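# Topology and contacts: notes
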Amino acid sequence: MSVPQVTLEEEEKERGRNVFVGEPPSLNSNDEPQPGQLGLNLGPPVNTPETSPSPSGLLSLPWEMVARIASHLPAQCVINVLPQVCRALGEVGEDTSAWQLRAHRLTGPKSSFPVGPRDHFDWSTACLEMEQLIEHWAGQEEWAARQRAVQEQDEVMEDEIEEVEADEEGEQAAGEVNRAEHEDAREPDGPQALQDHIEEPPARHGEEEGDNNAALIIRDEGRENGMAGVDEDEENYQDHPEGIGGDGREDNGNLDEMMDEGADEGVGTDSPPTQTPSPPPALEHITLPSGHIADVNSVLLVGGDGSVCASGSRDRNVNLWDLRKGPRGVLLRTLGGRGLFSTHRGWVWCLAASGPLLASGSFDSTVRLWDLEAGGAERGLIRGRAAVLCLSCQADTLLAGSHDQKVSIYDTRAAEPLVKSLRLHGDAVLCLASDEQYILSGSKDNTVAVFDRRAGKLLQKVQLKSYLLSMSYSGQEVWAGDNHGLVHTFSMNEGSFRSIAQFNVGHSSLVTGVHHSSGTLYTCSSDRTIKVHLPCAPPKTLCTLHHQAGVNGLSVEAGVLAIASGDMNVEVWRPRQ
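The rules behind these values
Residues numbered from 1 in each chain as written. Predicted model: local features only at pLDDT ≥ 70, side-chain atom pairs only at ≥ 80, totals over all residues. Heavy atoms only, no water. Phe/Tyr/Trp six-rings, centres within 6.5 Å; stacked < 30°, edge-to-face > 60°. Buried < 20%, exposed > 50% of the residue type's maximum accessible area, 1.4 Å probe, protein only. Helix = DSSP H or I, 4+ residues; strand = E, 2+ residues; numbered from the N terminus. Polar contact = N/O pair within 3.5 Å; in protein donor to acceptor, adjacent residues only side chain to side chain. Contact = heavy atoms within 4.5 Å. Pairing = 2+ DSSP bridges. Axes fitted to C-alpha atoms, helices over the stretch in contact; angles between N-to-C directions. Salt bridge = Lys/Arg side-chain N within 4 Å of Asp/Glu carboxyl O.

## As for the packing of aromatic side chains
In total, this model carries 9 aromatic pairs according to the counting rule given. With 6.2 Å between their ring centres and 15 degrees between their planes, Trp347 and Trp349 make a pair best called stacked. Look at Trp349 and you get partly exposed, because its relative accessible area is 28%. Seen in terms of ring centroids, Trp479 and Phe503 are 6.3 Å apart; in terms of plane orientation they differ by 25 degrees. Their pairing is stacked. You can see Trp479 sitting in strand β19 (residues 477–482) and its partner Phe503 sitting in strand β21 (residues 496–503), a full 24 residues away along the chain. Taking the relative accessible area as the measure of exposure, Trp479 reaches 0% and is therefore buried. By relative accessible area, Phe503 is classed as buried at 12%. By way of ring pairs, the aromatic residues Phe113, Phe121 and Trp123 are connected into one cluster.

## Quick notes on the environment of Ala414
The residue Ala414 is located in the loop between β12 (407–411) and β13 (418–422) in this model. Between the alpha carbons of Ala414 and Gly380 there is a distance of 10.0 Å; along the sequence they are 34 residues apart.

## Concerning unusual backbone geometry
Between Phe113 and the following residue, Pro114, the backbone shows a cis peptide bond with an omega angle of -5 degrees. For Pro114, the position within the fold is in the loop between α6 (96–107) and α7 (123–137). Cis geometry is adopted by the peptide bond preceding Pro538, which originates at Ala537 and carries an omega value of -5 degrees. Checked against the element boundaries, Pro538 lands in the loop between β24 (529–534) and β25 (540–546). A positive phi angle, near 80 degrees, is found at Arg316, a position not held by glycine. One non-glycine residue, Ala395, adopts positive backbone phi at about 55 degrees. Relative to the elements of secondary structure, Ala395 occurs in the loop between β10 (388–394) and β11 (397–402). Assessed through its relative accessible area of 52%, Ala395 is described here as exposed.

## Some remarks on the side chain of Ser441
Position of Ser441 relative to the elements: it lies in strand β15 (residues 438–443). Among the polar contacts listed, one links the side chain of Ser441 to the side chain of His425, at a separation of 2.7 Å. In this structure Ser441 touches Val407, Leu424, His425, Val429, Cys431, Leu432, Thr447, Val448, Ala449 and Met471, once residues within four positions along its chain are discounted.

## Quick word on the sheet that holds strand β17 (residues 457–463)
The strand order β14-β15-β16-β17 describes an open sheet built from 4 strands, whose pairing is antiparallel. Of all the strands in the sheet, the pair left with one neighbour each is β14 (429–434) and β17. Along the sheet, successive strands turn relative to each other by an average axial angle of 20 degrees, direction set aside.

## A closer look at the environment of Ser290
By secondary structure assignment, the location of Ser290 is in the loop between β1 (283–287) and β2 (296–302). Spatially, the C-alpha atom of Ser290 lies 7.8 Å from that of Met568, the residues being 278 residues apart in sequence.

## Structural notes on the sheet that holds β13
Taken in spatial order, the 4 strands line up as β10-β11-β12-β13 in an open sheet, and their pairing is antiparallel. The sheet terminates laterally at β10 and β13, the two strands that pair on one side only. For this sheet, the mean inter-axis angle between neighbouring strands, taken without regard to orientation, is 20 degrees. Relative to β13, β12 runs antiparallel, the two sharing 4 bridges. Looking at the pairing, Ser408 lines up with Ser421 of β13.

## Quick notes on the pattern of salt bridges
Per the stated rule, a full pass over the model turns up 6 salt bridges. Put simply, Glu131 and Arg102 hold a salt bridge, and the shortest N to O gap is 2.8 Å. With Glu131 in helix α7 and Arg102 in helix α6, the pair connects residues that are 29 residues apart, well separated along the chain. Like Arg102, Glu131 is buried. Two residues, Asp322 and Arg324, come together in a salt bridge whose shortest N-O distance is 3.2 Å. Residue Arg324 is classed as exposed on the basis of its relative accessible area of 59%. The structure contains a network of salt bridges with shared partners spanning Asp396, Asp411 and Arg413.

Honestly, it's all geometry; don't read function into it.
The following block contains the structure:
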């Protein structure tokens, strides 16, 4: 049977007839697409019914895929940006399960988060705070260590330069002595010259011996005090007998060798560094100008944006600082009333604030009130019967814990401010935290007490093996630091207060300050360290800062950290402008 032959012209006619009658042509892989096959309308327009536009872009994808893409965006973008794009994308930020997955990705698979109750927990805020904390603090410790190493290297270089200059001065002085001796030897002999020749040498010999002994004593003292700051080769160079009054050429040779070694180590040279310097961290570290003459015991950031700082010291003063002015902040004023040479008559031990009200507690058994809106003018005075060790402020209610085992409740608006005095402990009250319903207090008697303000009675009392020095109450969680360097966690849920766990976060002494929020945890200690953690169980430490003195307290507001230092300073870490 013969196969029918089809010419090219007939094939083209057949294709045109198919397109004309609207039949869908078949497209082989080797055929080039024709205009009709690409969907181009070459004929007259035809009226078609209007249809609603189909979703495009992200909205055309399955919802699970949209949520997966959003999980890789910063939390700030999901919370603040996506809702402004459209309502559908704004619903991504309302997915609680997505925030839970994000939180556990941040804290790690082996951590439990949150530590307290999960009911009514603000997952989105917690994730936002954790991401900002990681961004600000993850590289801060490494950068601080590099800065510290550079500073130590600069100090060593300065010591080396001073020692080299001292050696050169000694060589020059020795040369002048030798020239003077040669000139004296050339003078004509006479009775007076002979007398000088007999009398002067013993005196010179004594002076040289005294100089040598003095140099030996200074060198030994330098070694004992650890201030030489030179390596073994340079010490051998200093102790070499030709180093003073010897052959100048040999000394110059040793000096050249030292300079060559310094050049090899990159010391004193103008050559560019081999490694590209890393960019500065996200936080700026400043030390406020000298304003106290004794240890700073307490520090508090006020104003809502971390722009104003109050500091209380053992010099009996409270200082107000403006952190926005100047590169290191500016001292606004030292608070004081009429007839006072200082803010208090005893050590200022604690600070608290609510709105424009600032309260300072002192060892002089008083609490003084200050109006921040009036530039720190005195607003009132509360007299107690014992040293005030801790304060907590809620609206117009002020709580004070004192050395006489009491928690006192004051109304700051009343002429007679004392409302009630509670004896909840058997020893000094060291820390306080409160909200609208509960008062939590820690005492040196190793107990934590919970007082129900609405019911007017003691709700619960928990016995510990140590006593708490610092406490932070946020949401349904309480974090506190004790005298053994441990951090304790408690839950507060529907009137039930219970201990959850205690963690060793690396402090070796008193935990003097704690700040906790849903996504942040800061601790400081008298062991001279400040630590920044994610508040999971166990806490995930992001950064450890080493200080030159004990740290007596801390305050955190709007991403700004301030610490009270035992070296009479207030130090601040704040986001770079």
